[in-house]
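Next come the chains, spelled out residue by residue.
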There are 2 protein chains.
Amino acid sequence: MIKVTLTKNPKSKPQCDNLVFGRNFTDHMFMMNYNPEKGWHDARIIPYSPFEISPSALVFHYGQAIFEGMKAYKGKDGTVTMFRPRDNFLRMNRSADRLCIPQFDVDFAMQALAKLIETEKDWIPQAEGTSLYIRPFIIATDPCLGVKISDTYAFFIILSPVGSYYKNGFAPVSLYVEDFYTRASSGGTGEAKCAGNYATCLKAEQKAKSLGYDQVLWLDGKEKKFVEEVGSMNMFIVIDGEVITAKLDGTILPGITRNSIITVLKDKGYKVSERSLSIDEVLSAQKQGKLNEAFGTGTAAVVSPVAKLCYKGTDYIVGDGKMGKITNMLYDTLTGIQKGKYEDKFGWLFKI
Amino acid sequence: MIKVTLTKNPKSKPQCDNLVFGRNFTDHMFMMNYNPEKGWHDARIIPYSPFEISPSALVFHYGQAIFEGMKAYKGKDGTVTMFRPRDNFLRMNRSADRLCIPQFDVDFAMQALAKLIETEKDWIPQAEGTSLYIRPFIIATDPCLGVKISDTYAFFIILSPVGSYYKNGFAPVSLYVEDFYTRASSGGTGEAKCAGNYATCLKAEQKAKSLGYDQVLWLDGKEKKFVEEVGSMNMFIVIDGEVITAKLDGTILPGITRNSIITVLKDKGYKVSERSLSIDEVLSAQKQGKLNEAFGTGTAAVVSPVAKLCYKGTDYIVGDGKMGKITNMLYDTLTGIQKGKYEDKFGWLFKI
């Protein structure tokens, strides 16, 4: 049972044409709590607002926190569609396992999400490129300073109407190939969507931006040799017609968009490889004119073309420096399926 | 200027003989906030209580959070003494730099701490083994879901009267040498006292406990070969009279207690080495009867004797399985200096 308490002070909705990513929130949120006696309990939809928490809550001190990101789209006929939300909740339970957070019931989470989105359906923007961003997250709430697995947790779902993730729209991005800082290494939390992974990346992202690059391309933590991911996106590189992305070896986030991209590419007959790809192989291909395209994939950006890589002080242009044909096809296909322009042949859509 | 607002509802103080670590908090806490316009501002001592925060605050999603731990002791004459608190704040600023959190003024933090402890002096327990545990921490507070460095932060100091960190008192602990999971690797955040480092360790700690061991001894992230630390403690191992601890290479927390232990050992003429120490060297020494002692060091436990190591399914007893002579001497010396029993020849004490 999900108890619903509606706000008495609904907010005015932001203009669709000026949505900054993740800055506006809807009127309501979903919450439930966990303790060892009751399990997950007190599921409720309540007004979105600040909440009270102890300064000794474990999440502030030891970072036991996980999250997910997904999107809902509203069609011209008012139908609300989500893209593989169940896969996000399944991944969230895998992240929970890695962080020693108790499992939740995925079917119940799907019900809660549907009910919350139904409540907030007027908040879903309809303009091209816009959507309702959905952020489920779990935080550890024991008020206690001993390092330990929390006994209590809070699960939230908050919603934010968003435009494009990148302020510059669909302009190709430049990546700084990081060879000092590490995002993840074998045996760590690289494949979990946990809070600490992102804090770890900030310093290198700051460095990349100060040098004029948009984002960081991470190499493996052991040898700083193999291409891993972009922190907020999985990475795909097209060399001589082969579309290559890092294999899931425990250090890479198993992206839902990544998986969808691989599926679409295979379906369309492209050669796709999940394999180790050294930065040397990438740059060698570039010198031979065989580095055709590169792009990142993720829920927030869907597909993001990469036009330039910087490695050890040298810039390398990808392809002709513009969005590649495969990149463009994938963006069109994925967003086309999401928006109902193309057939949902893989059963990815979830209608509310 | 630090504004003081005293509580109107002082709590009853817990019994000294039954203090669980980090579960009881004093009546007041210190807080200040940061924004780019004002810098750190609104320094205040206010009643300890839950506080309001947005569910979209960056700390919950991307883990931008750091902390410190220190202790204050009350002597029989009522004098309140702290141990190297300035070094903790200096380290906190280094952690801040790694996590892209703005620097704070260490002198001002020292003033704030002194004023808070002065306010709460009746909360400092006096029984043997007890102290006032001090937890400064900083969290990112921007209400925003884009992955970014926060523009705003909150700095807290909260206080907790504590007994011994370990429930079993000074009994030697057993360590499970972890060869699958990783705590930190080169280029990561291992040397910063940030929240995410601790969440990363929970899974292996859970495994170690389920197998009957007290804590995890972490090996290096690259080769799983070299002894690093215990997650909540630095590790010292005595082989054939040489006291060895991992060198500070970026993956190890630069412990204040670690530094104090090295200083005391050198002062007393022991052979101390900060160097790479492979687990093979440790176990080989054990087989030859040369593994004299092992102990962990940290603010919470001060010095914690280690009696047993488990590596790949085999148990190895350290020394004679009891607390070693050097371990005992170091515990006596450190706590003796802290409590005023021995001369403070290194200038470590800070009297309030």
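Residues numbered from 1 in each chain as written. Chains lettered and ligands numbered in written order. Predicted model: local features only at pLDDT ≥ 70, side-chain atom pairs only at ≥ 80, totals over all residues. Heavy atoms only, no water.

1. A look at the pairing of strand E14 (residues 271-274) of chain A
So, point 1. Judged from the 4 bridges that link them, strand E13 (residues 242-245) of chain A and E14 of chain A form a sheet pairing that is parallel. Each bridged residue has a counterpart across the sheet, and for Thr-245 of chain A the counterpart in E14 of chain A is Glu-274 of chain A. (Pairing = 2+ DSSP bridges. Helix = DSSP H or I, 4+ residues; strand = E, 2+ residues; numbered from the N terminus.)

2. Brief notes about the relation of the copies chain B and chain A
So, point 1. Rotating chain B by 180° about the axis while translating it 0.0 Å along that axis superimposes it on chain A, leaving an RMSD of 0.0 Å. In the structure described here, the two chain copies are related by an operation that fits a two-fold rotation axis.
So, point 2. Interface residue correspondence from chain B to chain A reaches 100%, placing this contact among same-surface, isologous pairings. (Least-squares fit on C-alpha atoms with pLDDT ≥ 70 in both. Contact = heavy atoms within 4.5 Å.)

3. Overview of the confidence of the model for chain A
So, point 1. Per-residue pLDDT for chain A has a mean of 95; in total, 98% of the residues score no lower than 70.
So, point 2. Here the predicted complex carries an ipTM of 0.97, next to a pTM of 0.97. (pLDDT = per-residue confidence, 0-100.)

4. Things to note about the interface of chain B and chain A
So, point 1. With 60 residues of chain B at the contact, the number on the chain A side is 60 residues.
So, point 2. Summed over the shared surface of chain B and chain A, the number is 2 salt bridges.
So, point 3. Its salt-bridge partner being Asp-97 of chain A, residue Lys-203 of chain B comes within 3.2 Å of it at the nearest N-O pair.
So, point 4. On inspection of chain B and its partner chain A, the count reaches 23 residue pairs in polar contact (both at pLDDT 80 or more).
So, point 5. Take the side of chain B that touches chain A: its biggest share by element is 9 residues, from helix H4 (residues 195-210) of chain B.
So, point 6. Here the side of chain B that touches chain A is composed, by residue class, of 32 nonpolar, 17 polar and 11 charged.
So, point 7. As paired elements, strand E4 (residues 51-53) of chain A and strand E4 (residues 51-53) of chain B share 3 bridges and run antiparallel to each other. Its bridge partner being in E4 of chain B, Glu-52 of chain A is matched across the sheet by Glu-52 of chain B. (Salt bridge = Lys/Arg side-chain N within 4 Å of Asp/Glu carboxyl O. Polar contact = N/O pair within 3.5 Å; in protein donor to acceptor, adjacent residues only side chain to side chain. Nonpolar A, V, L, I, M, F, W, Y, C, P; charged D, E, K, R; others polar.)

5. Considerations on the pattern of salt bridges
All names here are of chain A.
So, point 1. Taken as a whole, this structure holds 34 salt bridges over all chains when the rule is applied.
So, point 2. In this structure, the salt-bridge partner of Glu-274 is Arg-258, at a minimum N-O distance of 2.6 Å. Of the two residues, Glu-274 sits in strand E14 while Arg-258 sits in helix H5 (residues 256-267), which places them 16 residues apart along the sequence.
So, point 3. Using a relative accessible area of 38% as the deciding quantity, one classes Glu-274 as partly exposed.
So, point 4. When its relative accessible area of 3% is taken as the criterion, Arg-258 is described as buried.
So, point 5. One continuous salt-bridge network, built from bridges that share partners, spans Asp-142, Lys-148 and Asp-151. (Buried < 20%, exposed > 50% of the residue type's maximum accessible area, 1.4 Å probe, protein only.)

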